[in-house]
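Here is how the chains run, residue by residue.
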Amino acid sequence: MQKQPNSRLCFVCGVENPIGLHLFFYTDEEGRCIARFRPRPEHQGYPGCLHGGLISTLLDEVMGRVLTHRQVWAMTGRLEVRFRRPVPLDQELTIVAELTRERTRAYEARGELRLPDGTVLAEAAGLYIRVPDEFVERARAELDFWQVVPD
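The sections below set out a description of the structure shown in this document. (Residues numbered from 1 in each chain as written. Predicted model: local features only at pLDDT ≥ 70, side-chain atom pairs only at ≥ 80, totals over all residues. Heavy atoms only, no water.)

**Quick look at the nonpolar core**
- Ranked by internal contacts, the top residues of the largest apolar core, which has 31 residues, are Leu23, Phe25, Leu50, Leu58, Ile95 and Leu113.
- Elements represented by at least two residues in this core include exactly strand 4 (33-37), helix 1 (52-64), strand 6 (93-102), strand 7 (106-114) and strand 8 (120-130).
- Sorting elements by how many residues they give to this core places helix 1 first, with six residues.
- Among all residues touching Phe25, those that are not within four sequence positions of it are Gln2, Lys3, Gln4, Val12, Cys13, Cys33, Ile34, Ala35, Glu61, Val62 and Arg65. (Core = buried A, V, L, I, M, F, W, Y, C linked by side-chain atoms within 4.5 Å. Buried < 20%, exposed > 50% of the residue type's maximum accessible area, 1.4 Å probe, protein only. Helix = DSSP H or I, 4+ residues; strand = E, 2+ residues; numbered from the N terminus. Contact = heavy atoms within 4.5 Å.)

Here it is in structure tokens:
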């Protein structure tokens with residue numbers, strides 16, 4: 001698996017964000033994006049369960065990152081999440097996504113959030129729109145940090 005870059009302050013992958021999730025992402029041999037996350041009590045919605053907004057965030061990020069190894073920068077155009085079961089805290093979760101359709105400026109992906117035994121707790125589908133090159137250049141300048149860092 002190939003490790004993907006992290007940013008400095010992104011809520012999900014920012015290595016210096018004091019309130020961020022600090023996730024690391026990997027691209028596997030099939031081009032899927034994979035991340036692992038162990039939710040803590042401060043991530044809960046209902047007692048003992050991961051907040052639905054964070055479930056959506058995790059799925060959105062991993063689906064958008066299926067384009068990272070292709071050097072494509074895109075933003076979410078549509079996100080649909082299906083919550084199948086409550087997501088428990090303090091268990092390592094796997095979030096995995098794959099590209100399902102590619103067009104000139106739009107990409108579709110699907111993702112799943114799983115327990116260690118493979119049980120699917122939530123699934124999503126998303127549409128990602130390629131951002132213009134000038135936006136990417138401006139973002140790179142403001143990021144000032146987009147690199148692979150050790151776990």
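**Quick notes on the pattern of salt bridges**
- The tally for this structure, following the rule as stated, stands at 16 salt bridges.
- Measuring nitrogen to oxygen at the nearest pair gives 3.1 Å for the salt bridge that ties Glu80 to Arg78.
- Taking relative accessible area as the criterion, Glu80 reaches 45% and is therefore assigned partly exposed.
- Residue classification places Arg78 among the partly exposed residues on the basis of a relative accessible area of 36%.
- For Arg84, the salt bridge goes to Glu123, with nearest N and O atoms at 2.9 Å. Taken together, the residues span a long stretch of sequence, with Arg84 in the loop between strand 5 (74-83) and strand 6 and Glu123 in strand 8 at a distance of 39 residues.
- Because the salt bridges share partners, they merge into one network encompassing Glu98, Arg110, Glu112 and Arg114. (Salt bridge = Lys/Arg side-chain N within 4 Å of Asp/Glu carboxyl O.)

**Some points on unusual backbone geometry**
- Although it is not a glycine, His22 adopts a positive phi angle of roughly 55 degrees.
- When you line up the elements, His22 lands in the loop between strand 2 (6-7) and strand 3 (25-27).
- For Gln71, which is not glycine, the phi dihedral falls at a positive 65 degrees.
- Mapping Gln71 onto the fold places it in the loop between helix 1 and strand 5.

**Considering helix 1**
- Look at helix 1: 18 Å from first C-alpha to last across 13 residues, which is about the 18 Å you get at 1.5 Å a residue.
- Residues of helix 1 that are buried: Leu54, Ile55, Ser56, Leu58, Leu59, Glu61, Val62 and Met63.
- Among the structural elements, strand 3, strand 4, strand 5, strand 6, strand 7 and strand 8 are those in contact with the buried residues of helix 1. (Expected span 1.5 Å × (residues − 1).)

**Quick word on the state of the cysteines**
- In total, this model carries zero disulfides according to the counting rule given.
- Free of any disulfide, Cys33 has its nearest cysteine sulfur in Cys13, 10 Å distant. (Disulfide = S-S within 2.5 Å.)

**Quick notes on the sheet that holds strand 4**
- On the basis of which strands lie adjacent, the open sheet formed by seven strands has the order 1-3-4-6-7-8-5 and antiparallel pairing. Bordering the open sheet on either side are strand 1 (2-3) and strand 5, each of which pairs with just one other strand.
- Looking at chain direction, strand 5 and strand 8 are connected through nine bridges and run antiparallel. If you follow Ala74 over to strand 8, its bridge partner there is Arg130.
- Its contacts with the sheet put helix 1 on strand 3, strand 4, strand 5, strand 6, strand 7 and strand 8, and the angle it makes with strand 8 is roughly 50 degrees. (Pairing = 2+ DSSP bridges. Axes fitted to C-alpha atoms, helices over the stretch in contact; angles between N-to-C directions.)

**Quick notes on the pairing of strand 7**
- Within strand 7, seven of the nine residues are buried, which leaves it mostly tucked inside the rest of the structure.
- Linkage of strand 6 to strand 7, two consecutive antiparallel strands, is achieved through a turn of three residues.
- Sheet topology places strand 7 next to strand 8; nine bridges connect them, and they run antiparallel. The residue of strand 8 that forms the bridge with Ala109 is Gly126.
- Here strand 7 folds back onto strand 8, and the loop between the two strands holds five residues, one of which, Gly118, carries a positive phi near 95 degrees.

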